[in-house]
Amino acid sequence: MAKVKAAVFASGSGSNFQAIMEQKDQLNCEIVLLVCDKREATVLDKAKHFDIPTYVFEAKNYPTKAAYEAELVEELKRNNVTWIFLAGYMRLVGETLLASFEGKAINIHPSLLPAFPGIDAIGQALEAGVRETGVTIHYIDEGIDTGPIIAQESLAIKEDDTRESLHQRVQKIEHDLYPRVIKEVIERHHNE
Ligand code: GRF
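Residues numbered from 1 in each chain as written. Predicted model: local features only at pLDDT ≥ 70, side-chain atom pairs only at ≥ 80, totals over all residues. Heavy atoms only, no water.

Trainee: Before we go on, may I ask you to explain the nonpolar core in this structure?
Mentor: For soluble globular proteins, nonpolar side chains are generally found buried alongside one another. The biggest cluster of nonpolar side chains holds 41 residues, and the ones touching the most others in it are Phe17, Cys29, Ile31, Leu34, Phe85 and Tyr178. Apart from residues no more than four positions distant in its own chain, Ile31 is found in contact with Ala6, Val8, Phe17, Ile20, Met21, Ile52 and Phe85. Ala7, Leu33, Val35 and Leu86 belong to the second-largest nonpolar core, a separate cluster that totals 23 residues. (Core = buried A, V, L, I, M, F, W, Y, C linked by side-chain atoms within 4.5 Å. Buried < 20%, exposed > 50% of the residue type's maximum accessible area, 1.4 Å probe, protein only. Contact = heavy atoms within 4.5 Å.)

Trainee: Help me understand the side chain of Thr133 in this model?
Mentor: Mapped onto the elements of the fold, Thr133 is located in strand β6 (residues 132-139). What makes Thr133 buried here is its relative accessible area of 2%. Those residues in contact with Thr133 that lie beyond four places of it in its chain are Pro110, Ser111, Leu112, Ala125, Glu153, Ser154, Leu155, Ile157 and Leu166. (Helix = DSSP H or I, 4+ residues; strand = E, 2+ residues; numbered from the N terminus.)

Trainee: What should I look at first to understand the site of the ligand in this one?
Mentor: As a matter of local geometry, the ligand sits amid Ser13, Gly14, Ser15, Asn16, Gly88, Ile108, His109, Pro110, Gln171 and Glu174. In the model, an oxygen atom of the ligand is placed 2.5 Å from a nitrogen or oxygen of the Ser15 side chain. A distance of 2.8 Å is found between an oxygen atom of the ligand and a backbone nitrogen or oxygen belonging to Asn16. When the free accessible area of the ligand is taken as 370 Å², the share hidden by the protein chains comes to 86%. A majority-of-atoms criterion places the ligand in the largest pocket. Sorting the residues of the shell around the ligand by element identifies α1 (15-22), β5 (105-109) and α6 (163-191) as the ones contributing at least two each. For the shell around the ligand, the class distribution of residues is two nonpolar, seven polar and one charged. (Near = heavy atom within 4 Å. Polar contact = N/O pair within 3.5 Å; in protein donor to acceptor, adjacent residues only side chain to side chain. Areas by Shrake-Rupley, 256 points an atom, 1.4 Å probe, with all protein chains shown as cover. 1 Å grid on protein atoms, 1.4 Å probe; cavity = no way out; pocket = protein on both sides within 12 Å on 5 of 7 lines; lining within 4 Å. Sits in = over half its atoms within 2 Å of the grid points. Nonpolar A, V, L, I, M, F, W, Y, C, P; charged D, E, K, R; others polar.)

Structural measurements only, silent on function.
If you want it as structure tokens, here you go:
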């Protein structure tokens with residue numbers, strides 16, 4: 001079976017993008033594009049390192065979300081992308097992008113959703129004093145971290161955890177879980 005083509009969307013450091021690229025030989029999809037909305041994002045250096053083409057845009061240069069997403073959809077189609085994986089893309093996906101990719105757009109979030117959606121999920125968990133948190137991978141819908149859940153993995157919060165120590169353990173789970181789930185989801189989709 002020819003590998004389907006996918007794009008990763010990221011705006012930050014790109015450690016999940018890196019994990020996906022490091023495990024690319026085990027994946028049943030080919031990452032052909034990195035989409036980024038921040039010119040200075042560290043993830044762009046990582047894309048260069050892995051020789052992955054980038055599509056960088058700045059939302060402020062467009063009148064509306066629909067306008068930048070329409071251009072983005074065109075770029076994705078030009079690259080024959082059929083799946084998109086969000087990994088620290090800090091924008092809400094709008095209806096234009098969803099119209100083309102609903103059911104084939106996945107996000108990773110550092111909490112056990114529906115707990116602690118939105119920004120700084122790790123800080124939110126510490127603040128709330130809960131004993132465990134984790135990682136969720138879910139389909140994207142129009143809400144903030146609200147789409148149907150595909151996979152979750154939990155971890156215990158220690159008494160002396162700091163934001164940094166907890167972040168490190170959460171990311172370790174993310175880097176293992178995301179490539180595995182990507183593979184499973186694509187496989188399942190093709191067998192349906
Ligand atoms: C991850 O924690 C992910 O769950 C969230 O954004 C973070 C991105 O981290 N959506 P990185 O840029 O992949 O290191």
